[in-house]
Amino acid sequence: WTPRWITDPMLGGTNFFLYKDILLKFAEEHNDMDLLLRPHPLMFDNFLKTGEMSAEDIAVYRNRVEALPNASFDSEPEYGATFWQSSVLISDISGILPEYFITGKPLIYCASNMILELTDMTKRMLEGCYVVNTPRELFNCLKELKDGKDILAERRGKIAYELFGDSTKASQRIVEELAKG
């Protein structure tokens, strides 16, 4: 889960406060699945600065996450390996959406009250994503995916090919371009 760092809808907003408890409840009820949280590096500091969370609130939340045997915070500096090892991404609006989208894995987009206009590419990608607006929708979407019901898989693949081409040959194309000198 990659929540954004700021609640201001002019800057994209975040769904952290809407989903922070439901995701931990899901992890508690589905101990056969792991929940990896990767909040934006500025998120907790920003919430502390704005008064949206106190130092105690942050510590309590971190402790709740760490107390679960199947939940943790991702502390790796790079997220690429985490993406490839994951099964699904839950995210607010983010620049990492295209990078995850090309993995072909399910992506749950948490819609927000953001005022920003989405790019045409992002709008197209979202046609292959699960878009949730409430904690119940997120919970139900996760249950469906857990049960192997990825009804958007084929559509996501077509959109990924349309937007990014055949990513399986990316290394080959890079070598060919480098060989051109």
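Residues numbered from 1 in each chain as written. Predicted model: local features only at pLDDT ≥ 70, side-chain atom pairs only at ≥ 80, totals over all residues. Heavy atoms only, no water.

Novice: Is there a simple way to think about the nonpolar core in this case?
Specialist: Note on soluble globular proteins: their nonpolar side chains tend to be buried together. Grouped together as the largest cluster of nonpolar side chains are 31 residues, with contacts concentrated most on Leu23, Tyr61, Ile108 and Leu138. Sorting the residues of this core by element identifies helix H1 (16–29), strand S1 (35–37), helix H2 (43–50), helix H3 (55–67), strand S2 (71–73), strand S4 (107–110), strand S5 (130–132) and helix H7 (135–146) as the ones contributing at least two each. In terms of residue count, H1 provides more of this core than any other element does, 7 residues in total. Contacts of Leu23, omitting those with residues within four sequence positions, involve Trp1, Leu35, Ile90, Leu138 and Leu142. Formed by 16 residues, the second largest nonpolar core is a distinct cluster that contains Ala111, Met125, Cys129 and Ala160. (Core = buried A, V, L, I, M, F, W, Y, C linked by side-chain atoms within 4.5 Å. Buried < 20%, exposed > 50% of the residue type's maximum accessible area, 1.4 Å probe, protein only. Helix = DSSP H or I, 4+ residues; strand = E, 2+ residues; numbered from the N terminus. Contact = heavy atoms within 4.5 Å.)

Novice: Even after reading the chapter, I still don't get the packing of aromatic side chains, so can you show me in this structure?
Specialist: Aromatic ring pairs are defined here through the distance separating the ring centres and the angle between the ring planes. With the rule as written, the count across this model stands at 10 aromatic pairs. Taken together, a centroid distance of 6.1 Å and an interplanar angle of 75° make the contact between Phe44 and Phe73 edge-to-face. Residue Phe44 is located in helix H2, and its partner Phe73 is located in strand S2; the two are separated by 29 residues in the primary sequence. One exposure class covers both Phe44 and Phe73, and it is buried. Geometrically, the ring pair formed by Tyr79 and Phe83 is tilted, given 4.9 Å between the ring centres and 45° between the ring planes. (Phe/Tyr/Trp six-rings, centres within 6.5 Å; stacked < 30°, edge-to-face > 60°.)

Any functional reading would require information that these geometric values do not contain.
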